[in-house]
Each structure stands twice: as C-alpha cells, then as structure tokens.
Amino acid sequence: MIEFDTVYNRRNTNCSKWDSIKDTYGEDGLLPLWIADMDFKANQPVLDALKESVEQGILGYSPAPDSLYEAIQSWQKRHHDYSVNKEAILFNSGVVPSLSLAIQAYTEPGDAILIHDPVYPPFAKVVEQNDRKLVRSRLLIEQDHFVMNLEEIEKQIITENIRLFILCNPHNPGGRVWTKSELEAFGKLCAKYDVLVVSDEIHQDLIFAPHVFTTFTNVHSTFKDFSITLTAATKTFNLAGIKNSMIFIENPDLRKKFLVAQERNSQNEINIFGYVGTEAAYQNGDTWLEELLVYLKENIDTVSEFLKAELPEVNMMRPEGTYLIWLDFSALGLTDAQLQKQLVHKGKVVLNPGISFGPGGTQHMRLNVACPKETLLEGLRRIKNAFE
Ligand SMILES: Cc1ncc(COP(=O)(O)O)c(C=O)c1O
C-alpha cells in the first residue's frame, strides 16, 4: 500500500504551492488547495532512478533513449489502447511550451484560435501572447456537468474563421472526461472546416471508473490527420518540477512543422531528469496510479459529503477525472473579488479563482484534492469558516 495519508511539511522547500502564497496574499499560515500538484511523495522507483542518474556523476547532454520510447508506447497501449508510432513521439519541457510551439507552427499572427470557457488559464495566455485572436466557446451545463456547445462552435468556426482549437481532454477545471461520441461529433466538425485540433491530454491517466478516457487522435482513423496530442507523466505521477512532456504527431507534415518551430525556439533538448523520471514512472507506475485513484476518489467523496452537510449553498461539479473540483459559489451572491477575499483573508485557504479560467468561471473556485485527508479536512473547515 502506498502511504498517501502522510502529511509532509512542504513549507520552505521552494515549492510554488506552499511557498509563493505568502508573497501573493501577504499573509502567513494560508492553506494551499490551488495549483495542480499533489502533496504526495513521488513513487519510490522514480526517486531511485533519479538518484541513480545523479550518482553516476556525469550529467552531460543526453538524447531520449530507446527504453524511454518503449516505456511511453507500452503505457499508451496498456492504458489508452493507443499504438503510437515511435517516429510520432517528440519531447518538450512541458505541455504549455508545446501549446505555444503548436500555435507558432500551425497559425499566423492574427489567426483566430478557439478554446472552451472556462478552461485552464494558460490556453488563453499563449494564444494572446502569440498575437493570435482568442475566441472562447462557453461550455454548457447539463445534469451538473459540462458539455460542449457544438452549435455555437460551428457558428464561431465559420464567422471567426477559426484555424485551430485547443482542447482540454479531460477538461480542467470541470473534470469532464469527454466521451468517444462527444469527441467524434466535435472532431467531425473540426474536420469539416479544416480546423486543427491540439489536444491537451495531460490529465489522461487520472480517470475514475466507469468513465473512460479516449485520446482524440484515436477516436477515428482520420483524426490523426488534423490533430496533435500533448501529454506527460508529470501530472499523473506528481513530477511537474522535472519538466518533461511528449507531443504525439502522427501526420508527417504536421510533425515537420512542429519540429521547425521547436528548433527555431531551441526547445529540442530536454533535461536528463525529465527523461529518466518519465521512463521510471511509466515502467513502475501501474500500482501507484491504481492506489492514487482510490485515494483521490475518497477525497472527492469527502468533499461531496462535507458540502452537503455543512455548506449546501456551494454546488460541486463531481469530476469524472482529474483531482480538481469545480465549485459553484454563485448562490452566495458574492462578487469574484469578495469571494476570493473571504476565502483567503477570513478562511485562510487558497483555491484557484474560477474567473481566472475565463468569464464562464465567475463566482466559482477550483479546489485541488490531491493531498492527505487531514489536509483536505482542514481545508474544508477553513472554506466553511470563510462564510460564517
Ligand atoms: C490542462 C493542463 N495542461 C497543462 C498543464 C501544465 O503542463 P506543463 O507543466 O507540462 O507545462 C496543466 C497543469 O496543471 C494542465 O492542467
């Protein structure tokens, strides 16, 4: 059994989650349940592999080894029924840097790019920082979960002349695991109007049964022609600091363009610990992930029960995947600024403000439950205190 209950003191370890919030909010003693990393130790075989790499002592330039490709291919096949070709696999230091490269590789300044609203904030940022036109499609809520507004997307593709869609699959912050049929309908629309799909699948392993993750490229035999996939082991195995991610590009033409953008930005060399950690995580991670998912599901149940009993005004969107929970505080009638102020300065707890995920996130907050139960319960008590 993996020990997920252990509470580690991460303060003063130079970690963003715990150590940056004092500067941001000007207060000591805040409890962080925000940024998407976990308060769990990495799997021991990953730490051992990193240690071994350090101990051999010479840390020069290193290419990706064959054993890494094999570990990735095996993981994708076993976990996602995706047979990815070796030549389709590229590496980069992160999914977000790859979003930026994809924008540069496949679009021109001024081109329109569509994203969902709400969605992971860097999507909007990379579009705007690359001087492309940002267009958002508001997600609809049906039976307490997000669904895509395909009718609106089709209109936007036509009127805004959309060139590229950045898809979050599964969806952060809503925890939606898009079904194969939803992805098929969405993909057919993109194919019809020649819209390229960049599918961010970094949360692909964090899925709660009976939900099933489908890699976008795998939905239909033609989807690999107009899509690329971004993913990593870093979210699944809590290794964000080693900075490594993969890009799967089956279409040779799209691959060539991406490689040109990568070289132009000198982003084609990855740090050795990224390679080592990713390989060890995929080779040894099955049991760790299985146990993690059980623990996360219990934490999600804990939040659900707590809110029902103690804060029934706050509505929770139950995640089908990810360790993130989208909370609706609109019944409290507070502005985004008031909501944030009460949570931070009265409750002493830090969540991600929903408004940072786009206008559709107003009066919401994103809660990260990837922490020991003790930490989560303390966080929930603080959330309650914020509104007493
Ligand atoms: C949807 C999504 N994409 C990308 C990232 C970050 O990826 P990276 O650290 O590889 O840039 C995150 C982190 O939370 C995320 O939620």
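Residues numbered from 1 in each chain as written. Predicted model: local features only at pLDDT ≥ 70, side-chain atom pairs only at ≥ 80, totals over all residues. Heavy atoms only, no water.

The name given to the protein chain in an unreviewed UniProt entry is cysteine-S-conjugate beta-lyase, and the organism recorded there is Candidatus Enterococcus palustris. According to its UniProt record, the protein chain has this under Cofactor (unreviewed entry): "pyridoxal 5'-phosphate". The UniProt entry for the protein chain carries the following comment under Sequence similarities (unreviewed entry): "Belongs to the class-II pyridoxal-phosphate-dependent aminotransferase family. MalY/PatB cystathionine beta-lyase subfamily." (UniProt positions renumbered as here; feature names shortened; annotations may be inferred.)

Caption draft 1: Fine view of the packing of aromatic side chains. As enumerated under the stated definition, the model contains 19 aromatic pairs in all. Note on Phe165 and Phe186: the rings are 4.8 Å apart at their centroids and 75° apart in plane angle, and the pair reads as edge-to-face. One end of the pair, Phe165, is in strand β7 (residues 162-168); the other, Phe186, is in helix α8 (residues 180-192), and 21 residues separate them in sequence. By the burial criterion, Phe165 is buried, and Phe186 matches it. Connected via pairs of aromatic rings, a cluster forms that spans Phe4, Phe40, Trp75, Phe237, Tyr282, Trp288 and Tyr295. Across the ring face of Tyr69, the terminal group of Lys86 is positioned such that the distance to the ring centre comes to 4.7 Å. Over the aromatic face of Tyr295 sits the side chain of Lys373, whose NZ or CZ is 3.5 Å from the ring centroid. (Phe/Tyr/Trp six-rings, centres within 6.5 Å; stacked < 30°, edge-to-face > 60°. Helix = DSSP H or I, 4+ residues; strand = E, 2+ residues; numbered from the N terminus. Buried < 20%, exposed > 50% of the residue type's maximum accessible area, 1.4 Å probe, protein only. Lys NZ or Arg CZ within 6 Å of the ring centre and 35° of its normal.)

Caption draft 2: Examining the side chain of Arg382 more closely. Checked against the element boundaries, Arg382 lands in helix α13 (residues 373-386). Judged by its relative accessible area of 17%, Arg382 is buried. One polar contact links the side chain of Arg382 to the main-chain carbonyl oxygen of Gly29, over a distance of 2.9 Å. (Polar contact = N/O pair within 3.5 Å; in protein donor to acceptor, adjacent residues only side chain to side chain.)

Caption draft 3: Structural view of the pairing of β7. With six of seven residues buried, β7 is to be regarded as a mostly interior element. Note that strand β3 (residues 112-117) and β7 share four bridges and pair parallel. The residue of β7 that forms the bridge with Leu114 is Phe165. Once you follow β7 into α8 and on to strand β8 (residues 196-200), the crossover reads as right-handed. (Pairing = 2+ DSSP bridges. Right-handed = clockwise from strand over helix to strand, strands pointing away.)

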